[in-house]
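# Summary of structural features
Read off the chains here:
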Amino acid sequence: QVQLVESGGGLVQPGGSLRLSCTASGFSFSYYSMNWYRQAPGKERELVAGIFSSGSSTNYADSVKGRFTIARDNGKNMVYLQMNSLKPEDTGVYYCNARRSTFSVNYWGQGTQVTVSS
């Protein structure tokens, strides 16, 4: 059974920090690129950050660049999203995604709610 389980979401004040974690199981984690998506209320799902399978390359949405950092630990089958200087616009459900494009494979977690509000 393939599983992606997010954790670490919650309520934080603007300017605060939060670290999301995603624990993967049931597939060869180290062969997959890992991504964080989010969906804000009334908006489309968007890619927030991605990291290549080796961890050697990352990409970020312009809106989070310089504030968010994605990292992975292939030994633990985990991926993280460190979120700093949070803004109300960062509010939404954050989803962990595993992708192996060669085989058109996409796995998704259930999501974790992040609310940035004073």
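Worth saying up front: this structure is predicted, and the values here are computed from it rather than measured.

### Quick notes on the nonpolar core
- In this structure, Met34, Trp36, Leu81, Met83 and Tyr94 are the most contacted members of the largest nonpolar core, which totals 29 residues.
- For this core, the secondary structure elements donating two or more residues are strand 3 (18–25), strand 4 (33–39), strand 5 (46–51), strand 7 (68–73), strand 8 (78–83), strand 9 (92–100) and strand 11 (112–116).
- Sort the elements by how many residues they give to this core and strand 3 lands first, with 4 residues.
- Setting aside its immediate chain neighbours within four residues, Met34 contacts Leu4, Cys22, Phe29, Ala49, Gly50, Ile51, Ile70, Arg72, Val79, Cys96, Asn97 and Ala98.

### Considering the packing of aromatic side chains
- Under the definition given, this model contains 5 aromatic pairs.
- Pairing Phe27 with Phe29 gives two aromatic rings, centres 6.4 Å apart and planes at 50 degrees, and the pair type is tilted. Note on accessibility: Phe27 and Phe29 belong to one class, buried.
- With 4.7 Å between their ring centres and 70 degrees between their planes, Phe27 and Tyr32 make a pair best called edge-to-face. Exposure class is identical for Phe27 and Tyr32. Each is buried.
- Following the ring pairs from residue to residue traces out a cluster consisting of Phe27, Phe29, Tyr32 and Tyr107.
- Its end group placed over the ring of Tyr37, Arg45 keeps NZ or CZ at 5.4 Å from the ring centre.

### Description of the environment of Ala24
- On the secondary structure map, Ala24 appears in strand 3.
- Put simply, Ala24 and Leu4 are 20 residues apart on the chain and 4.6 Å apart in space, counted from C-alpha to C-alpha.
- Not counting chain neighbours up to four residues away, the residues in contact with Ala24 comprise Gln3, Leu4, Phe29 and Asn77.

What counts as what
- Residues numbered from 1 in each chain as written.
- Predicted model: local features only at pLDDT ≥ 70, side-chain atom pairs only at ≥ 80, totals over all residues.
- Heavy atoms only, no water.
- Core = buried A, V, L, I, M, F, W, Y, C linked by side-chain atoms within 4.5 Å.
- Buried < 20%, exposed > 50% of the residue type's maximum accessible area, 1.4 Å probe, protein only.
- Helix = DSSP H or I, 4+ residues; strand = E, 2+ residues; numbered from the N terminus.
- Contact = heavy atoms within 4.5 Å.
- Phe/Tyr/Trp six-rings, centres within 6.5 Å; stacked < 30°, edge-to-face > 60°.
- Lys NZ or Arg CZ within 6 Å of the ring centre and 35° of its normal.

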